[in-house]
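Structural overview
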Amino acid sequence: MNRARRGRIVATLGPASRAPGMVKQLAQAGVDVFRLNFSHGSHDDHAAALKAVRGAEMALQRPLGVLADLQGPKLRLGRFADVEISVKPGHTMRFDLDPTPGDATRVQMPHPEIFKALRKGMLLLLDDGRVRLRVGDRTDEWADVTVESGSKLSDRKGVAVPEAVIPVSALTPKDREDLAFALRIGVDWVALSFVQKAEDMAELKRLVNGQAACLAKIEKPQALADLGAIMDYSDGVMVARGDLGVELDPEEVPVAQKMIIRAARQRGIPVIVATQMLESMTSAPAPTRAEASDVANAVYEGADALMLSAETASGDYPLESVGIMSRIIERVEKDPLWPSLMDAEHAGMDDIDADALVAAARKAAEAQSTACIVVFTSLGGTARRMSRERPLQPVLALTPNPATARRLALVWGLETRLGKDPASLEDVTDLAVESAVKFDLAQPGQRILVLAGTPFGAPGAANLLRLAHAPAKAAKRSRKT
């Protein structure tokens, strides 16, 4: 079952969708990667969900990825004696470390690391930005704050400090337990929340130790300032617009989204656009026009994947949400303007043979008689390089490694399938032609471009580009030129 689109869909599993039958239906409807949100649900829930994904994968004979999304630190206020207080602009109060339930004059903020990072005049955002405060006098144990906007505060509301790097690890003890469990059950991607600097991703990489691909969630302004270094340690990135939208002004979020997508495309790593893509479909059978435009814009920007959260995890219309998103992506990719946008921006080539070969393959594939590009890949590097070029022809990525196939499910434009390594130069062409025909990506007589690396079966960059044709009749060997 090939996709009729290049953009990929990530869907979050939850109470509304984790049953095996529903997981299979979601995959049939268009989901390429399933997200396990470790902010919710038990380990047993996630293990059952992963088992359901593997069952759907076997039934559909299509690799499906699984993304474990770690919760990250949650910075929150303490509790109030009356659960909630009223505030208004000009109201002053103190945040401190005292666990005594608070009132209108003071409340606990049980995070000494925040007090150490605060400076006079800094902005604090509470309750997803609904309450804005300005820091006055402060020490390492308390801070006086003045309300700039807002009307009420209640127990355990979240705290954001957009103007400071908080000296706290992105991996909490809970995250470390969740990470060990996720790796044990065999997830394909791990997403890290609360990334502020490159060292956060370096720590995750060290702990994962190659057992999964690592994805950085860009949701802090500090991460934008260190984006290049963060990407050095990342196999992929997510534009996490929910938390990013709390700490950035609204007009800055679309600009940040475009910047992150452009940087990821230049690097050749997959980028997911997430949060509120089709939010209204949590409780309605159709999206708003603004949501449809939002999804379409991310496709026009060349994002690898778009993500559904509550729409599929707990919403009333999970299948409809996936179906609508898939239709929007397909429609954009049929727009006569879309190919020129994909062709307008290509990553600069590193001075290595593989990049030159992949660029040549993309250029050669522009001939109308070219049906598809077949890439033999062991660890996925050549396939990702091909995707970075944004070719308009289907790309069939053949790998003998199930882990590689599942990780590549997130990558733009790739139809990934399991296949054996070629044994010889002649085998390269024969296997490519047979696979392209078998998976309905080429018709008799059509041109096929083949990328591979020698020695066969060994990880390494592509160094071989061949041109072949699907046989006009059922023949054992293809005609090579």
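Our subject is the structure listed above.
Residues numbered from 1 in each chain as written. Predicted model: local features only at pLDDT ≥ 70, side-chain atom pairs only at ≥ 80, totals over all residues. Heavy atoms only, no water.

**Describing the layout of surface pockets**
Of the voids in this model, the largest pocket is the one considered here, and its volume is about 1400 Å³. What lines the largest pocket is a set of 48 residues, among which Lys 74, Asp 128, Glu 219, Gly 242 and Asp 243 lie closest to the centre. For the lining of the largest pocket, the secondary-structure elements that each account for two or more residues are β1 (8–13), β2 (33–37), β11 (159–160), β14 (236–240), α8 (241–247) and α11 (310–313). For the lining of the largest pocket, the element with the highest residue contribution is α8, accounting for five residues. Along the lines of polarity and charge, the residues of the lining of the largest pocket split into 15 nonpolar, 16 polar and 17 charged. Considering only enclosed or pocket space, the second largest pocket measures out at about 480 Å³ in volume. What lines the second largest pocket is a set of 24 residues, among which Ser 234, Asp 235, Gly 268, Ile 269 and Arg 384 lie closest to the centre. For the lining of the second largest pocket, the elements supplying multiple residues, two or more each, are α5 (198–208), β13 (213–218), α15 (381–388) and α16 (402–407). (1 Å grid on protein atoms, 1.4 Å probe; cavity = no way out; pocket = protein on both sides within 12 Å on 5 of 7 lines; lining within 4 Å. Points joined across faces, edges and corners; volume = space filled by probe spheres on them. Helix = DSSP H or I, 4+ residues; strand = E, 2+ residues; numbered from the N terminus. Nonpolar A, V, L, I, M, F, W, Y, C, P; charged D, E, K, R; others polar.)

**Let's talk about the sheet that holds strand β12 (residues 189–192)**
Sheets are built from strands paired through backbone hydrogen bonds, the pairs being either parallel or antiparallel. Spatial strand order, β1-β2-β3-β12-β13-β14-β15-β16: eight strands in a closed barrel with parallel pairing. Each adjacent strand pair in this sheet contributes to an overall mean axis angle of 25 degrees, direction not counted. Sheet contacts for helix α2 (residues 43–60): β1, β2 and β3 (65–69); angle to β2, the most-contacted strand, approximately 175 degrees. (Pairing = 2+ DSSP bridges. Axes fitted to C-alpha atoms, helices over the stretch in contact; angles between N-to-C directions. Contact = heavy atoms within 4.5 Å.)

**Digging into the nonpolar core**
Ranked by size, the top nonpolar core spans 73 residues in total, and within it Phe 34, Leu 204, Ile 218, Val 237, Ile 260, Leu 306 and Met 325 carry the most contacts. Not counting chain neighbours up to four residues away, the residues in contact with Ile 218 comprise Ala 223, Leu 224, Leu 227, Ile 230, Val 237, Met 238, Val 239, Ala 240, Leu 244 and Ile 260. (Core = buried A, V, L, I, M, F, W, Y, C linked by side-chain atoms within 4.5 Å. Buried < 20%, exposed > 50% of the residue type's maximum accessible area, 1.4 Å probe, protein only.)

**Some points on the pattern of salt bridges**
Counted under the stated rule, the structure contains 35 salt bridges. Of the charged contacts, one joins Asp 343 and Arg 362 as a salt bridge, the two residues approaching to 3.3 Å between their closest N and O atoms. Of this pair, Asp 343 sits in helix α13 (residues 338–343) while Arg 362 sits in helix α14 (residues 353–364), and the two are 19 residues apart along the sequence. Owing to a relative accessible area of 41%, Asp 343 belongs among the partly exposed residues under this scheme. Classification of Arg 362 by relative accessible area gives buried; the value is 13%. Connected via shared salt-bridge partners are Arg 3, Arg 5, Arg 8, Asp 32, Arg 62, Glu 415 and Arg 417. (Salt bridge = Lys/Arg side-chain N within 4 Å of Asp/Glu carboxyl O.)

**Comments concerning the packing of helix α1 (residues 20–29) against helix α12 (residues 318–333)**
At a closest axis distance of 9 Å, the pairing of α1 and α12 adopts a crossing angle of 15 degrees. The angle between α1 and α12 places the two elements in the roughly parallel class. The crossing of α1 and α12 is right-handed. Together, Met 22, Gln 25, Leu 26 and Ala 29 of α1 and Pro 318, Leu 319, Val 322 and Ser 326 of α12 make up the contact between the two elements. For the contact of α1 with α12, the class distribution of residues is six nonpolar, two polar and no charged. (Parallel < 35°, antiparallel > 145°, perpendicular 65-115°, else oblique. Left-handed = near helix turned anticlockwise from the far one by under 90°.)

**As for the environment of Leu 278**
Here Leu 278 lies in the loop between β15 (271–274) and α10 (289–300). For Leu 278, a relative accessible area of 0% translates into the label buried. Setting aside its immediate chain neighbours within four residues, Leu 278 contacts Pro 287, Glu 291, Val 295, Leu 308, Glu 311, Ser 321, Ile 324 and Met 325.

**What about unusual backbone geometry?**
Leaving glycine aside, a negative phi is the common case for residues, and trans is the common case for peptide bonds. Phi at Arg 156 is positive, roughly 60 degrees, even though this residue is not glycine. Mapping Arg 156 onto the fold places it in the loop between β10 (152–154) and β11. Arg 156 sits in the partly exposed class, given a relative accessible area of 36%.

**Observations concerning the sheet that holds β11**
In spatial order, the strands read β6-β5-β9-β8-β7-β11; together these six strands make up an open sheet with mixed pairing. Bordering the open sheet on either side are β6 (106–108) and β11, each of which pairs with just one other strand. Relative to β11, strand β7 (residues 123–126) runs antiparallel, the two being bridged by two bridges. Counted as the bridge partner of Leu 126 is Val 159 from β11.

**Re α1**
Since there are 3.6 residues in each turn of an α-helix, residues three or four apart along the chain are aligned in direction. Along α1, the residues that are buried comprise Val 23, Leu 26 and Ala 27. Down the axis of α1, the buried side of the element spans an arc of 100 degrees, and every buried residue falls inside it. If you follow the buried residues of α1, they end up packed against β1, β2, α2 and α12. Once α1 ends, the next one or two residues include Gly 30, with phi positive near 140 degrees. (Arc of directions from axis to C-beta.)

**Notes on empty space enclosed by the protein**
According to the stated counting rule, one finds four cavities of 30 Å³ or more in the structure shown. Approximately 60 Å³ is the volume attributed to the largest cavity. Residue contributions to the lining of the largest cavity peak at three residues, all from strand β19 (residues 414–418). Across the lining of the largest cavity, the residue classes break down as five nonpolar, one polar and four charged.

**Details of the pairing of β15**
For a regular strand, side-chain orientation follows a simple rule: the groups alternate between the two sheet faces. Burial along β15 is two-sided: the residues Val 271 and Val 273 and Ile 272 and Ala 274 are all buried. One ladder, built from four bridges, connects β14 with β15; its direction is parallel. Looking at β15, one finds that Val 237 is bridged to Val 271. Here β15 pairs with strand β16 (residues 305–308) via two bridges, running parallel. In the strand pairing of β16, Ile 272 is matched with Ala 305. Handedness of the crossover is the feature at issue here: the chain leaves β15, passes through α10, returns alongside β16, and the resulting connection is right-handed. (Right-handed = clockwise from strand over helix to strand, strands pointing away.)

**As for the packing of aromatic side chains**
Applying the stated criterion across every chain, the model contains two aromatic pairs. Summarising the aromatic geometry, the rings of Phe 38 and Phe 181 are spaced 6.5 Å apart at their centres and angled 70 degrees between planes, so their arrangement reads as edge-to-face. Remark: Phe 181 occurs in helix α4 (residues 173–185) and Phe 38 occurs in the loop between β2 and α2; sequence separation between them is 143 residues. Residue Phe 38 shares its accessibility class with Phe 181, and that shared class is buried. The ring centre of Trp 142 lies 3.7 Å from the NZ or CZ of Arg 94, which sits over that ring. Looking at Arg 417, its charged tip hangs above the ring of Phe 439, at a distance of 5.5 Å from the centre. (Phe/Tyr/Trp six-rings, centres within 6.5 Å; stacked < 30°, edge-to-face > 60°. Lys NZ or Arg CZ within 6 Å of the ring centre and 35° of its normal.)

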